[in-house]
Amino acid sequence: MTTDTGPGGPATVPTPDTGSGAPGGPATVPTATATATATATATATGPDGPGARSAAGPGVDDERLRRWRLVLGGGEADGTGRVPAGTDAAMDGALTALYENKGRGGDRRGRDRSAGLGASAPSVARWLGDIRTYFPSSVVQVMQRDAIDRLGLATLLLEPEMLEAVEADVHLVGTLLSLNKAMPETTRETARAVVRKVVEDLEKRLATRTRATLTGALDRSARISRPRHRDIDWDRTIRANLKNYLPEHRTVVPERLVGHGRASQAVKKEVVLCIDQSGSMAASVVHASVFGAVLASMRSIATRLVVFDTAVVDLTDRLDDPVDVLFGTQLGGGTDINRALAYCQSRITRPADTVVVLISDLYEGGIRDEMLKRVAAMKAAGVQFVALLALSDEGAPAYDRDHAAALAELGAPAFACTPDLFPEIMAAALEKRPLPIPAT
């Protein structure tokens with residue numbers, strides 16, 4: 001899917017259930033680039049806007065004004081006239097520290113944002129504790145990401161006490177990997193523990209389904225001519241024997257049975273994951289490393305994992321531990337897709353049984369024409385070539401549309417893929433059937 005979802009896009013926090021009786025529930029929050037989202041979300045809580053009366057009674061009006069006040073953040077422009085108290089005041093303080101303007105009240109448009117968190121680790125750690133108290137985990141992750149991106153807090157993640165306070169997710173892992181080279185030894189073990197937690201959660205979610213899907217694809221691709229009854233592929237058997245159709249009996253007499261092959265320990269397919277490790281691909285690198293480890297655990301698939309920027313690094317020998325793979329990457333830098341594909345091409349020994357998966361936004365810093373020639377040569381040799389603009393839940397980032405169009409002309413359409421769809425994409429590639437490309 002090629003929908004652009006840049007990292008600065010809007011994020012919202014679910015509004016509380018008005019029937020729950022919990023006065024301190026989460027409120028809708030506008031990010032630095034999403035004041036319009038805040039307005040839209042507030043409008044959804046009541047079509048008449050701040051201060052509107054409701055036929056449901058005064059209690060509903062109070063709750064609506066409370067939500068609007070938390071959305072608008074106070075100041076002269078909010079129009080609610082409410083002063084938060086108790087839990088609402090604490091929530092408002094946590095939101096103000098992250099999203100408030102330098103100048104309080106007045107017009108928000110065109111102003112730079114700043115934090116009320118201060119520059120010290122203790123004050124940030126207290127704020128992290130506050131938001132985990134008042135907001136659900138999914139919202140905490142959004143607010144942490146905004147704080148890291150907008151307030152320059154990345155360097156504070158080099159302190160162990162800070163890492164212990166944050167809510168771990170894929171985006172935090174990407175930030176830690178970008179800081180890998182600057183990370184002191186006192187922080188490294190804590191960082192590895194944070195990364196391992198995220199990786200293990202992803203493996204629990206993705207591994208079983210991936211193995212089951214790909215094992216089925218490999219079994220179906222190994223056809224046998226004398227199958228047992230339960231192994232007969234009736235669809236292929238009928239098509240193979242249509243010439244033996246008897247009209248008078250309205251049946252096909254099968255001279256040759258086609259069956260599904262039984263699983264074996266021999267290597268049937270080779271998979272090469274070629275991953276762009278530029279900064280915008282952080283989430284894709286995390287997911288691809290997990291999938292690489294899962295594929296490497298399957299004896300019938302020989303898996304190679306290669307990461308690249310302007311240099312190429314083969315991390316295949318680390319595939320037994322995706323955390324080691326991730327700490328072997330170096331997010332950022334330039335991009336030379338041609339060089340990376342040249343390396344991958346040189347390692348292919350069985351083209352007809354090989355799937356190459358390029359995961360990149362296709363911003364090529366190398367030789368464009370050579371890159372396309374390599375893709376064409378691999379496909380001509382029988383390699384199944386898959387181009388993914390992203391392997392993440394966020395959709396496609398900004399990408400080079402000219403290169404994507406050129407690959408499509410070669411029969412290798414480039415598209416974004418979610419982690420949940422990746423097993424089906426790989427199964428189709430292993431069976432050499434059309435890829436289930438998501439609708440744009």
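Located above this text is the structure these notes cover.
What counts and what doesn't
Residues numbered from 1 in each chain as written. Predicted model: local features only at pLDDT ≥ 70, side-chain atom pairs only at ≥ 80, totals over all residues. Heavy atoms only, no water. Helix = DSSP H or I, 4+ residues; strand = E, 2+ residues; numbered from the N terminus. Buried < 20%, exposed > 50% of the residue type's maximum accessible area, 1.4 Å probe, protein only. Contact = heavy atoms within 4.5 Å. Core = buried A, V, L, I, M, F, W, Y, C linked by side-chain atoms within 4.5 Å. Salt bridge = Lys/Arg side-chain N within 4 Å of Asp/Glu carboxyl O. Patch = residues over 30% accessible without salt bridge, like charges linked within 9 Å, V, L, I, M, F, W, Y side chains within 5 Å. Areas by Shrake-Rupley, 256 points an atom, 1.4 Å probe, with all protein chains shown as cover. Axes fitted to C-alpha atoms, helices over the stretch in contact; angles between N-to-C directions. Parallel < 35°, antiparallel > 145°, perpendicular 65-115°, else oblique. Nonpolar A, V, L, I, M, F, W, Y, C, P; charged D, E, K, R; others polar. Pairing = 2+ DSSP bridges. Right-handed = clockwise from strand over helix to strand, strands pointing away. Left-handed = near helix turned anticlockwise from the far one by under 90°. Phe/Tyr/Trp six-rings, centres within 6.5 Å; stacked < 30°, edge-to-face > 60°. Lys NZ or Arg CZ within 6 Å of the ring centre and 35° of its normal.

1. Quick notes on the overall build of the protein chain
Step number 1: Looking only at helices and strands, the protein chain has 15 helices and 10 strands in total.
Step number 2: For the protein chain, the proportion of its 440 residues judged to be buried stands at 48%.
Step number 3: Within the protein chain, counting contacts between residues at least 6 apart in sequence, those at least 24 apart form 71% of the total.

2. What to know about the nonpolar core
Step number 1: Trp127, Met143, Leu176, Val357 and Phe422 are the most contacted members of the largest nonpolar core, which has 81 residues in total.
Step number 2: Looking at this core element by element, the count peaks at 10 residues for helix H8 (residues 185-221).
Step number 3: Listed in part, the 29 residues of the second largest apolar core include Leu358, Ala387, Ala390 and Ala412.

3. With respect to the pattern of salt bridges
Opposite charge on two side chains permits them to pair, given that their charged atoms come into close proximity.
Step number 1: Summed over all chains, the structure comprises 18 salt bridges.
Step number 2: As a salt-bridge pair, Asp393 and Arg205 come within 3.6 Å of each other at their nearest N and O atoms. In this pair, Asp393 is assigned in the loop between strand E9 (384-391) and helix H14 (401-409) and Arg205 in helix H8, connecting sequence segments 188 residues apart.
Step number 3: Taking relative accessible area as the criterion, Asp393 reaches 43% and is therefore assigned partly exposed.
Step number 4: In this structure, Arg209 engages Glu424 in a salt bridge whose closest nitrogen and oxygen atoms are separated by 2.8 Å. Taken together, the positions of Arg209 in helix H8 and Glu424 in helix H15 (residues 422-431) put the pair 215 residues apart, joining distant regions of the chain.

4. Things to note about a nonpolar patch on the surface
Step number 1: A cluster of nonpolar residues, Trp234, Ile238 and Leu242, forms a patch on the protein surface that exposes about 310 Å² of accessible area.
Step number 2: Examined against the element boundaries, Leu242 turns out to sit in the loop between helix H9 (234-240) and strand E2 (245-246).
Step number 3: A relative accessible area of 51% means that Leu242 is categorised as exposed.

5. Here we look at the packing of helix H7 (residues 170-178) against helix H10 (residues 282-296)
Each packed pair of helices is defined by two parameters, the angle between the axes and the distance between the axes.
Step number 1: Remark: H7 packs on H10, axes separated minimally by 8 Å, with the N-to-C direction vectors making an angle of 100 degrees. Judged by the inter-axis angle, H7 sits roughly perpendicular to H10. From H7, Val170, Val173, Gly174 and Leu177 reach across to H10, where they touch Ala282, Ala283, Val286 and His287.
Step number 2: Across the contact of H7 with H10, the residue classes break down as 6 nonpolar, 2 polar and no charged.

6. Overview of the sheet that holds strand E10 (residues 414-417)
Step number 1: In space, the 6 strands of this open sheet follow the order E7-E6-E5-E8-E9-E10, with mixed pairing throughout. Every interior strand has two partners, whereas the edge strands, strand E7 (312-314) and E10, have only one. Taken pair by pair, the neighbouring strands of this sheet meet at an average axis angle of 25 degrees, ignoring direction.
Step number 2: Taken together, the 4 bridges between E9 and E10 define a ladder with parallel strand orientation.

7. A look at the pairing of strand E6 (residues 301-308)
Step number 1: For E6, the tally of buried residues reaches 6 of 8 residues, placing the bulk of the element in the interior.
Step number 2: In this structure, strand E5 (residues 269-276) lies alongside E6, joined through 8 bridges in parallel fashion. Note that in E6 the partner of Glu270 across the bridge is Ala302.
Step number 3: Handedness of the crossover joining E5 and E6 through H10: right-handed.
Step number 4: Alignment of E6 against E7, held across 3 bridges, turns out to be antiparallel. Paired with Val307 across the bridge in E7 is Val313.

8. Some points on unusual backbone geometry
Step number 1: A positive phi angle, near 50 degrees, is found at Arg250, a position not held by glycine.
Step number 2: Here Arg250 shows up in the loop between E2 and strand E3 (251-252).
Step number 3: With a relative accessible area of 71%, Arg250 lands in the exposed category.
Step number 4: Even without a glycine there, the phi angle at Lys432 is positive, about 60 degrees.
Step number 5: Looking at the secondary structure, you find Lys432 in the segment after H15.
Step number 6: With a relative accessible area of 43%, Lys432 lands in the partly exposed category.

9. Regarding the environment of Val199
Step number 1: Looking at the element boundaries, Val199 is found in helix H8.
Step number 2: On the accessibility criterion, Val199 (2% relative accessible area) is buried.
Step number 3: Residues Val199 and Ser289 lie 90 residues apart in sequence; the distance between their C-alpha atoms is 8.9 Å.
Step number 4: Setting aside residues no more than four positions away along its own chain, Val199 makes contact with Val290, Pro322, Val323 and Leu326.

10. Details of the packing of helix H12 (residues 337-346) against helix H13 (residues 368-380)
Step number 1: With their axes 8 Å apart at the nearest point, H12 and H13 run at an angle of 25 degrees to one another. By the criterion of interaxial angle, the relationship of H12 to H13 is roughly parallel. In terms of crossing hand, the pair formed by H12 and H13 is left-handed. Contacts between H12 and H13 involve Ile337, Asn338, Leu341, Ala342 and Gln345 on the former and, on the latter, Glu370, Met371, Arg374, Val375, Ala377 and Met378.

11. Topic: the packing of aromatic side chains
Step number 1: In this structure the tally under the stated criterion is 1 aromatic pair.
Step number 2: A centroid spacing of 4.5 Å and a plane angle of 40 degrees characterise the contact between Phe291 and Phe422, whose relative ring orientation is tilted. Of this pair, Phe291 sits in helix H10 while Phe422 sits in helix H15; the two residues are 131 residues apart in sequence, bridging distant segments of the chain. Neither Phe291 nor Phe422 differs from the other in exposure class; each is buried.
Step number 3: Residue placement shows Arg192 over the ring face of Phe327; its charged tip is 5.2 Å from the ring centre.

So far we have only geometry, and geometry alone does not tell us how the molecule works.
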